Amino acid sequence: MALFFDAGWFDQRLASLGLVRATAAMALGLSDQEVGEIWKDQRELSARDVAILANLLDTTPAEVAERAGISTPVPKAPSSDPSLKEISERLARIEAALAELTALVRGQK
């Protein structure tokens, strides 16, 4: 595992995909200066940042975390997140409840 942010690896990975640090800044929602701090190992990456960079660099969150330093958190595996079906079902229940409440407030029920 890397002890420090491996700026060379990140720059090489960006370049191989035709991207630059400014692209990473936009993807992360950070300024170029803030990304520069990350590259200089003066700013930690969050789990969200790791996931975004992994997607941008077409690699795994574990690889990004390893190249960013040992204290960088790795995002949880997607299997722990609710499935799209579960989210859709929950949204349908919320919309039905909202429709009932709206009807009650308007005196239509």
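Cut-off values and rules
Residues numbered from 1 in each chain as written. Predicted model: local features only at pLDDT ≥ 70, side-chain atom pairs only at ≥ 80, totals over all residues. Heavy atoms only, no water. Helix = DSSP H or I, 4+ residues; strand = E, 2+ residues; numbered from the N terminus. Buried < 20%, exposed > 50% of the residue type's maximum accessible area, 1.4 Å probe, protein only. Areas by Shrake-Rupley, 256 points an atom, 1.4 Å probe, with all protein chains shown as cover. Phe/Tyr/Trp six-rings, centres within 6.5 Å; stacked < 30°, edge-to-face > 60°.

Enquirer: I would appreciate a short explanation of the overall build of the chain in the present structure.
Expert: Each helix and strand counted, the chain has six helices and zero strands in total. Sequence-ordered secondary structure for the chain, helices as α and strands as β, is α-α-α-α-α-α. Burial analysis of the chain (109 residues in total) assigns 24% to the buried set. When the accessible area of the chain is evaluated, it comes to approximately 7,500 Å², of which 57% is carbon and sulfur surface.

Enquirer: Help me understand the packing of aromatic side chains in this model?
Expert: What characterises a pair of aromatic rings is the spacing of the ring centres plus the angle enclosed by the ring planes. Counting across every chain of the model gives four aromatic pairs. Look at Phe5 and Trp39: their rings are 5.0 Å apart centre to centre, the planes differ by 45 degrees, and that puts the pair in the tilted class. Of this pair, Phe5 sits in the segment before helix H1 (7–16) while Trp39 sits in helix H3 (residues 32–39), and the two are 34 residues apart along the sequence. Trp39 sits in the buried class, given a relative accessible area of 5%. Among the aromatic residues, those joined into a ring-pair cluster are Phe5, Trp9, Phe10 and Trp39.

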